[in-house]
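Remarks on the overall topology
Okay, here's what each chain looks like letter by letter:
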Amino acid sequence: MMPNDIAESLFKVIEARRDELVELTRELIRFPTLNPPGEAYRPCAEFIGQRLQRRGFNVDYVHALGTPGDSERYPRVNVIARREGQRAGPCVHFNSHLDVVQAGAGWTLDPFAGVVKDGKVYGRGACDMKGGLAASIIAVEALLDSSAELPGALEISGTVDEESGGYGGVHYLAERGWFSPPKVHHVIIPEPLNVDRVCIGHRGVWWAEIETRGRIAHGSMPFLGDCAVRHMHAVVERFERELYPALAARRTDMPVVPSGARSSTLNINSMHGGEAERQDGYPAPCVPDSCRMVIDRRLLIEESMDTVKGEVVSILERLVAERVGFKYSIRDIFEVLPTMADRDGPVARNTAAAIRRVIGRSPEFICSPGTYDQKHIDRVGKLKDCIAYGPGILDLAHKPDEYVSIDDMVTSAKVMALSAWSLLHATA
Ligand SMILES: [Zn+2]
């Protein structure tokens, strides 16, 4: 752990840069990095790259050519900045996503102005996660300014498309070795998970579309057709009777918050059956011959993807055997396995110790109900020592009047700087 006097001077440097941290957050918010379509990625990446280049970082821009959404108008441009220390040692990497979701309705202030009010910075992406990105930049810069020499290397990346799966961002980079040893050893993702919590992983996902088939006929004589919506109702009824109780009864050892997400869950995202109404509002006078349902199943670390899929398929197969005329197809849309880092691993342990030192209380170890880019670092980069830690309240993400508290940004910058220092010196 860092000697007291060095820690105290580091904290002073960070506190003195409070206004700079606020300005940096506001500047980042002013890039409208909306995803979709992937707006302003390049200028935002260059803004970060130019700043860090001035601080002695080597800066690479990686254009994820041909990934979803990539085009001349909306290039998927990532920035990775690296600064080598004075001697050999591990590399600590801070990874933030640059993209934000649509502003949506209900804002009382301009979502891309970076308004400061009552100790908070407001804007789309303030909390998810430009506040965290700014805090990590200030943390690393302060560390460089207050330490005579550092071993190893520090990296900061700004990556794109996290909100749409990360394929043009962390996934693309992880496939090319940017998130694996010997380049990188420890990763902190400053997602908005509160300044006193260390997030060690997330549940998995399976999205699929189920379609039931029927036979079209005149609506006045439904007995001549076969209604696909009624077949789908039979599926939902089985879900209600068998699947939902079974999922709710399954509890994980993952410390997922909120605790409702500590069970397996299934959401029915959408359902579409029969023909759409005509433009004048009159309904289609037919028996539906197709009904489609999209499901969103969230998996626990104790569950395998095969078992999760098998459970749904077995319900459908039993309906084939038991229900006259029941026909279905099922199509995978997207899947991600659950991931969880060791809470006693270097990055989690050192960040927890830094939280105790800065805030004066023990952190909570948590897992996220939904996924974020850790999946690619773990599964593709094969780097397990990765956590999410950053300022901001997760519940505010994607909402109108999103904000990040300035005090929280300062606190988290101290924690990040301290944690990085300890990680760099651990094996040196
Ligand atoms: Zn995020």
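How each quantity is defined
Residues numbered from 1 in each chain as written. Predicted model: local features only at pLDDT ≥ 70, side-chain atom pairs only at ≥ 80, totals over all residues. Heavy atoms only, no water. Pairing = 2+ DSSP bridges. Helix = DSSP H or I, 4+ residues; strand = E, 2+ residues; numbered from the N terminus. Axes fitted to C-alpha atoms, helices over the stretch in contact; angles between N-to-C directions. Contact = heavy atoms within 4.5 Å. Buried < 20%, exposed > 50% of the residue type's maximum accessible area, 1.4 Å probe, protein only. Core = buried A, V, L, I, M, F, W, Y, C linked by side-chain atoms within 4.5 Å. 1 Å grid on protein atoms, 1.4 Å probe; cavity = no way out; pocket = protein on both sides within 12 Å on 5 of 7 lines; lining within 4 Å. Points joined across faces, edges and corners; volume = space filled by probe spheres on them. Nonpolar A, V, L, I, M, F, W, Y, C, P; charged D, E, K, R; others polar. Donors = N, O, S within 2.8 Å, 3.2 Å for Na, K, Ca; no water. Expected span 1.5 Å × (residues − 1).

With that settled, consider the sheet that holds strand β9 (residues 204-213). With antiparallel pairing, 4 strands are arranged side by side in an open sheet as β10-β11-β9-β12. Looking along the sheet, the strands with just one partner apiece sit at the ends: β10 (265-273) and β12 (327-336). The mean angle between the axes of side-by-side strands here comes to 15 degrees, regardless of whether they run parallel or antiparallel. Across 8 bridges, β10 lies against strand β11 (residues 290-299) in antiparallel orientation. Each residue of the ladder has a partner; that of I268, found in β11, is I295. Here helix α6 (residues 228-249) sits on the sheet and contacts β9, β10 and β11; the angle it forms with β11, its principal contact strand, is near 15 degrees. Running at roughly 170 degrees to β12, helix α7 (residues 305-322) makes contact with β9, β11 and β12 of the sheet.

Let's shift gears to the side chain of S419. One can find S419 in helix α10 (residues 406-426). Relative accessible area serves as the criterion here: at 0%, S419 is assigned to the buried category. Setting aside residues no more than four positions away along its own chain, S419 makes contact with I188, V347, N350, T351 and A354.

Moving on to the environment of S329. Along the chain, S329 turns up in strand β12. Taking relative accessible area as the criterion, S329 reaches 36% and is therefore assigned partly exposed. Along the sequence, S329 and V22 sit 307 residues apart, while their C-alpha atoms lie 52 Å from each other. With residues up to four places along the chain from it excluded, the contact list for S329 reads E209, I210 and E211.

Glancing now at the sheet that holds strand β5 (residues 120-122). Across the sheet, 3 strands lie side by side as β4-β5-β16; this open sheet has antiparallel pairing. Single-partner strands in this sheet number two, and they are β4 (116-117) and β16 (403-405). With 3 bridges connecting them, β5 and β16 associate as antiparallel partners. Counterpart to Y122 in the pairing with β16 is Y403.

Now for the nonpolar core. Judged by nonpolar contacts, the single largest core of 82 residues is most densely connected at I48, F94, L143, L154, I200, I387 and Y389. Excluding residues within four positions of it along the chain, Y389 makes contact with I188, I189, P190, E191, N194, V195, R197, T351, I355, S412, V415 and M416. Counting 24 residues, the second largest nonpolar core, distinct from the first, contains C91, L173, F179 and I189.

The next thing to look at is the layout of surface pockets. Put simply, the largest pocket is a space of about 610 Å³. Lining the largest pocket we find 24 residues, and of these E162, E163, G370, T371 and H398 sit closest to its centre. Of all the secondary-structure elements, those providing two or more residues to the lining of the largest pocket are β9, β11 and β12. When the residues that make up the lining of the largest pocket are grouped by side-chain class, the tally is 9 nonpolar, 7 polar and 8 charged. In this structure, the second largest pocket spans a volume of roughly 170 Å³. Contributing to the lining of the second largest pocket are P222, F223, G225, D226, C227, R230, H231, V287, P288 and R323. Here the lining of the second largest pocket is composed, by residue class, of 5 nonpolar, 2 polar and 3 charged.

On to the coordination of the zinc ion. The coordination sphere of the zinc ion, as far as protein atoms go, consists of H97 (NE2), D128 (OD), E191 (OE) and E191 (OE), spread over 1.9 to 2.7 Å. For the zinc ion, all donor residues lie on one chain, and their spacing in sequence is H-x30-D-x62-E. Here D128 is found in helix α4 (residues 126-146), whereas its partner E191 is found in the loop between β7 (186-189) and β8 (197-202), with 63 residues between them in sequence. Grouping residues by exposure puts D128 and E191 together as buried.

The subject of this paragraph is helix α8 (residues 346-359). Over its 14 residues, α8 runs 20 Å from end to end, which matches the ideal 20 Å to within 8%, given 1.5 Å per residue. All of the buried residues in α8 are V347, A348, N350, T351, A352, A354 and I355. In this fold, the buried residues of α8 make contact with β7, β8, β14 (364-368), β15 (386-388) and α10. Just downstream of α8, G360 is the residue with a positive phi angle, here 85 degrees.

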